[in-house]
Amino acid sequence: MTEANGTANQKKMTIIVTKGTLDWAYPPFILATTAAAMGVDTTMFFTFYGLPLLLKKLDLKLSTLGNPAMKMPMMGMHMAMPNWVSTIPGIDSMASSMMKGMMKKKGIASLEELRDMALEADVKMIACQMTMDLFEYTMEDMIKGPVLGGAANYMEYALKSDVNLFI
């Protein structure tokens with residue numbers, strides 16, 4: 001017996017993606033690609049500031065503001081960045097460059113690569129219609145693969161899912 005999205009016994013997971021900074025972009029894609037590799041039917045719903053992760057061209061930044069757990073390896077130790085540092089012009093760009101450099105050095109996949117992996121693994125991606133209208137995006141602005149939908153579309157998947165995540 002099969003359903004529209006997989007077998008009747010196949011595990012299902014949904015992820016609501018609401019953040020678009022470099023550090024918040026990785027977890028939903030890592031979880032989605034891992035779940036898909038494990039045979040989990042996975043759906044991602046991109047809304048508000050998570051929606052730009054579907055744009056053709058990404059220019060992700062790291063936000064240092066309000067992130068006291070952010071400790072960067074520097075000079076042989078892990079140094080925290082106090083919140084007041086966020087007021088310095090250009091600090092987010094500098095921190096973003098440092099993080100991207102560290103990720104590249106460590107061989108961590110780029111967000112573009114993770115998006116491609118998710119699409120290749122048949123992860124369903126829904127671009128929130130309301131957010132598209134709000135921020136005046138069109139589907140032509142987005143990568144190929146996501147579909148346009150609203151909260152009701154997401155709920156169709158969420159109500160049948162074993163795991164629902166909000167990131």
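Above this note sits the structure.
Residues numbered from 1 in each chain as written. Predicted model: local features only at pLDDT ≥ 70, side-chain atom pairs only at ≥ 80, totals over all residues. Heavy atoms only, no water.

**So, the pairing of strand E4 (residues 41-46)**
Taken across its 6 residues, E4 has 6 buried, putting it largely inside the fold. Of the two faces of E4, the one carrying Asp41, Thr43 and Phe45 and the one carrying Thr42, Met44 and Phe46 are both buried. Relative to E4, strand E3 (residues 12-17) runs parallel, the two being bridged by 6 bridges. Bridging from a neighbouring strand, Lys12 pairs with Asp41 of E4. Crossover connection from E3 via helix H1 (residues 22-37) to parallel E4: handedness right-handed. Pairing of E4 with strand E7 (residues 124-128) involves 4 bridges; the strand directions are parallel. Residue pairing across strands places Phe46 opposite Ala127, the latter belonging to E7. (Buried < 20%, exposed > 50% of the residue type's maximum accessible area, 1.4 Å probe, protein only. Helix = DSSP H or I, 4+ residues; strand = E, 2+ residues; numbered from the N terminus. Pairing = 2+ DSSP bridges. Right-handed = clockwise from strand over helix to strand, strands pointing away.)

**Things to note about the side chain of Thr18**
With respect to the secondary-structure elements, Thr18 resides in the loop between E3 and H1. In this view, Thr18 contacts Thr47, Tyr49, Gly50, Phe166 and Ile167; residues no more than four positions away in its chain are not counted. (Contact = heavy atoms within 4.5 Å.)

**Quick look at a nonpolar patch on the surface**
Where nonpolar side chains cluster on the molecular surface, the patch consists of Phe48, Tyr49, Met130, Leu134 and Phe135 and spans about 510 Å² of accessible area. Mapped onto the fold, Phe135 is located in the loop between helix H4 (129-134) and strand E8 (147-149). (Patch = residues over 30% accessible without salt bridge, like charges linked within 9 Å, V, L, I, M, F, W, Y side chains within 5 Å. Areas by Shrake-Rupley, 256 points an atom, 1.4 Å probe, with all protein chains shown as cover. Salt bridge = Lys/Arg side-chain N within 4 Å of Asp/Glu carboxyl O.)

**Details of the pattern of salt bridges**
All told, the structure shown has 2 salt bridges when counted by the stated rule. Salt-bridge contacts for Asp41 lead to Lys124; the nearest nitrogen and oxygen are separated by 2.4 Å. Here Lys124 lies in strand E7 and Asp41 lies in strand E4, a separation of 83 residues in the sequence. Lys61 serves as the salt-bridge partner of Asp59, at 3.2 Å between the closest nitrogen and oxygen. The class for Asp59 is exposed, based on a relative accessible area of 55%. A relative accessible area of 33% places Lys61 in the partly exposed class.

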